[in-house]
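# A structural walkthrough
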Amino acid sequence: YGSTGPTSTDPDTGMRYGGDFPLITIRDMVRLQAEVLKRLGVTKVAFVVGGSMGGMLALEWGICGHLPVRGVISLSASGRHHPWQIGISEC
């Protein structure tokens, strides 16, 4: 899909990045989304809506200040996950 991830090949080694791939946070994702919107000429956001991980993104949008946001609708999300929640998601 045009993005790089842990299964992509590291050009320096010719091997997959795997565990060497840089960690990406929700904050990183929102920062990138905001930059794309700014480059498209967007100056404010009416509402940010998301569920689960999208809800975590919505929460971050509400506090990040990259662009003015009128409202946030976060469904089934928390500010962070605990290890047991991540484990359940892997089942």
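Residues numbered from 1 in each chain as written. Predicted model: local features only at pLDDT ≥ 70, side-chain atom pairs only at ≥ 80, totals over all residues. Heavy atoms only, no water.

Counting residues in hydrophobic clusters, the biggest one holds ten residues: Ile 26, Val 30, Ala 34, Val 45, Val 48, Met 56, Leu 57, Ala 58, Trp 61 and Leu 67. For this core, the leading source of residues is helix α2 (residues 53-64), giving four residues. Apart from the residues lying within four places of it in its own chain, the contact partners of Leu 57 are Ile 26, Met 29, Val 30 and Gln 33. (Core = buried A, V, L, I, M, F, W, Y, C linked by side-chain atoms within 4.5 Å. Buried < 20%, exposed > 50% of the residue type's maximum accessible area, 1.4 Å probe, protein only. Helix = DSSP H or I, 4+ residues; strand = E, 2+ residues; numbered from the N terminus. Contact = heavy atoms within 4.5 Å.)

Before going further, it helps to examine the pairing of strand β1 (residues 45-51). The sheet contact formed by β1 and strand β2 (residues 69-75) spans six bridges and is parallel. If you follow Val 48 over to β2, its bridge partner there is Val 72. Between the parallel elements β1 and β2, the chain passes through α2 in a crossover that is right-handed. (Pairing = 2+ DSSP bridges. Right-handed = clockwise from strand over helix to strand, strands pointing away.)

Below, the discussion takes up the packing of helix α1 (residues 26-39) against α2. One can describe the packing of α1 onto α2 by two numbers: an axis separation of 9 Å at closest approach and a directional angle of 65°. Comparing the axis directions of α1 and α2 gives the class roughly perpendicular. By crossing handedness, the relation of α1 to α2 is classed as right-handed. Listed contacts from α2 to Ile 26, Arg 27, Met 29, Val 30, Gln 33, Ala 34 and Leu 37 of α1 are Met 53, Met 56, Leu 57, Glu 60, Trp 61, Ile 63 and Cys 64. (Axes fitted to C-alpha atoms, helices over the stretch in contact; angles between N-to-C directions. Parallel < 35°, antiparallel > 145°, perpendicular 65-115°, else oblique. Left-handed = near helix turned anticlockwise from the far one by under 90°.)

This next bit is on α1. The terminal C-alpha atoms of α1 lie 20 Å apart, and with 14 residues this matches the ideal 20 Å at 1.5 Å per residue to within 8%. Buried within α1 are the following residues: Ile 26, Val 30 and Ala 34. Taken down its axis, α1 places every buried residue within 70° of arc, on the same side. The exposed residues of α1 that point more than 90 degrees off its buried face are Leu 32 and Arg 39. Summarising the contacts, the buried residues of α1 are in contact with α2. Positioned one or two residues after α1, Gly 41 has a phi angle of 90°, which is positive. (Expected span 1.5 Å × (residues − 1). Arc of directions from axis to C-beta.)

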